[in-house]
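Working through the structure, step by step
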Amino acid sequence: MQENNKKNISTSFKLNDNVKRNLIRIIFFIILSFCYLIFFFNTKGQPIIKADIDGQFNFSRVMSLENIWKSPINFKYFQHNASAVNLMYPWGTIYPMYLLIKLTGSLVGGYYIYFLLITFATLEITYQCVKRMKQTTLPSIFAAILYTFAICRTSDIYFRVDMGEVISMTFFPLVLLGIFQIFYEKTPHWKTLVIGMTLLVYTHVLSLVIAALLVLFFICLNLVKKQMNKQRFIALLKATGMSIVLGLGFLVPMLQTMLTVKVNGPGPMNLYVCSLIPRQLLDWSLNNIAGSRDVFNPVFLILFVVIILNLKKIKGFFKDVLFAAVFFTFITTSLFPWDVFQNMFGLLQFPWRFITMASLLFPVAASELVKDYQINYSQSKSIKLFNVLILGVLFAHWGTMTGVNQMDGYHVGSNSHFYLSQITKKADFNGLGDYYPAKSNGDAGYISDYKIYANDNWQHVKHKMSDSYNMKFSYDSDGSTTAILPVYFFPGEKVTVNGVHQAAQPSDADGATQVNLVDGSNKIEVKYGYTLLARIAWLISIIVCIIFNIKIFKQH
């Protein structure tokens, strides 16, 4: 009896030790999150963003989520002409930012708080994923910190305001863990890859493509090594199928829109011209500046040297991860024959986007070297080296942030009032024409000026926004005629003229909504919602998601 009591007491102490270690790590990650995410303020104490390439576009996207559960269209933003942004651009993981903005009453403040939480999530998710790759605690923490403090995250948050790419980096480790569990575990497990890929579906399409390329790389690697067996292939099929089913809520409305309306996407760029010359990549990485391109930072360059000097110590899965890291770095450069793939991948725009994935793969591969050091040296020496590494990462990051702070002068930047005043008026910013019908290019000026085409000429029309997805027009017509309204046609649109329903249809001339007018007074109402197909897709995804999570919960 006494022996059993002693065992129970020792077990409880072990549990308490584990809890303590976890609490210490969590507190450490919270402190690091505050060290990473630095808030900038103007002289009035208002939070500001120092630089802005895509800020107005992305903040328009966030604020347009006001009515997202009822309609993908929001007339308050994007020139008030109806934009398909929320049909073509994932919004699921960005919606919490909208809630934080409403809660804080500050657009920029909510942005900072959201990415403070995302930074902590990136640290914790990366740590947990690397740990489950059969890595020990210290190497897992090392990989998590180096990845989270990668300069490409800093560029996306502070310089480009590229929300989708930053959030996607939080989920890349889940994809890598999913790859490990399918291709390197004795018994393949496919559900982690499903979670990672599904989160990317609802975050950022281009990042989903990057993650899919990583999966393809490991498929090819396993085929070459002849390690692909029936079990792994079936697990891969299950992961692919379940990811598609869970992603139907976004994929179906997007595909329906693309098949119904030819939509302007981001302009394709010359991939070879936009790729990095190897010397540029080296020089810009040494500069340690958060700019308009994704690069590495000096800490990563030191890491590359250490990896080269200790190449033989990296084996198995981590060696393959290193190969993948080199591959993703290679395809960011002009050494890769991008001209051959221009037509296929033109919408990728910038090959340096692949740096985001390489920034995960190098630290994960290098975690093996930290583990090797732990094995061969005392714990005190390992902790001392770890502290030096952390200080190096912090100093490099603070050096980057000093450069950000000096942009345009101290305390100078865009506050919430600036963004709201810009995006709610007749906006003009990078990406404004994206996700309008491709036909709109010719008449875009008339439509943005809220002119109606009727009786053979463009003229201003009386209009009123009854709510964020419902627009009303009043027009007196000289006879029965066909008119083009200053709002664009998309699936889910409903049109009534003088209370009589008309089938919504696009104009052949510019993709705007075409209606039939009667002689005399016309009261026109245009309203947008989700199509029946989109609602069914959402319902399927939600039901399957609930079942999927219940099964995972029962297993664990």
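Throughout what follows, the structure given in this document is the object of discussion. Here the residue numbering is sequential within each chain, running from 1 through the sequence in written order. In keeping with the model being predicted, local features are shown solely for residues with a pLDDT of at least 70 and side-chain atom pairs are shown and tallied solely at 80 or more, while totals for entire chains, interfaces and linings include all residues. Where side-chain values are given, they derive from all heavy atoms of the structure, hydrogens and water being excluded.

**Section: helix H7 (residues 151-160)**
- Burial classes follow relative accessibility: with a 1.4 Å probe on protein chains only, a residue under 20% of its type's maximum area counts as buried, one over 50% as exposed, and anything between as partly exposed. Counting from the N terminus, the helices are DSSP H or I runs at least four residues long and the strands are E runs at least two residues long. Most of H7 sits out of view: ten of its ten residues are buried.
- Val161 occupies a position one or two residues after H7 and carries a positive phi of about 55 degrees.

**Focus: the side chain of Asn288**
- Tracing the chain through its elements places Asn288 in the loop between helix H14 (278-287) and helix H15 (298-309).
- Asn288 sits in the buried class, given a relative accessible area of 13%.
- Among the polar contacts listed, one links the side chain of Asn288 to the side chain of Thr400, at a separation of 3.0 Å.
- Beyond its immediate stretch of four places on either side in the chain, Asn288 contacts Ile151, Asn297, Pro298, Ala396, Gly399 and Thr400. Two N or O atoms form a polar contact when they lie within 3.5 Å of each other; inside protein one atom must be a possible hydrogen donor and the other a possible acceptor, and for residues adjacent in sequence the pair counts only when both atoms belong to side chains. The contact criterion used is simple: two residues touch if any of their non-hydrogen atoms lie within 4.5 Å.

**Considerations on the nonpolar core**
- Here the nonpolar core consists of buried residues drawn from Ala, Val, Leu, Ile, Met, Phe, Trp, Tyr and Cys, with membership extended through side-chain atoms lying within 4.5 Å. In terms of nonpolar packing, the biggest core is built from 181 residues, with Tyr111, Phe115, Leu176, Leu214, Phe218 and Phe362 touching the most fellow members.
- Counting residues per element, this core draws most heavily on helix H8 (residues 163-183), at 14 residues.
- Apart from the residues lying within four places of it in its own chain, the contact partners of Leu214 are Val175, Leu176, Ile179, Ala324, Phe328, Met357 and Leu361.

**Observations concerning the pairing of strand S8 (residues 493-497)**
- Only one face of S8 is covered, namely the one carrying Glu493, Val495 and Val497; the face carrying Lys494 and Thr496 has none of its residues buried.
- Two strands are counted as paired when DSSP detects at least two bridges linking them. When S8 meets strand S12 (residues 520-528), the two strands line up antiparallel, connected through five bridges. Of the residues in S12, the one forming a bridge with Lys494 is Lys527.
- As paired elements, S8 and strand S9 (residues 500-502) share three bridges and run antiparallel to each other. Considered in S9, the bridge of Val497 is made with Val500.
- With antiparallel pairing between neighbouring strands as the criterion, S8 and S9 make up a hairpin whose turn holds two residues, including Asn498 at a positive phi of roughly 55 degrees.

**Quick notes on the environment of His189**
- On the secondary structure map, His189 appears in the loop between H8 and helix H9 (191-201).
- Each C-alpha atom, one on His189 and one on Ile179, is 9.1 Å from the other, the two residues being ten residues apart in sequence.
- When neighbours within four sequence positions are excluded, His189 is seen to be in contact with Gly178, Gln181 and Ile182.
- At 3.2 Å, the side chain of His189 and the backbone oxygen of Thr187 are in polar contact.

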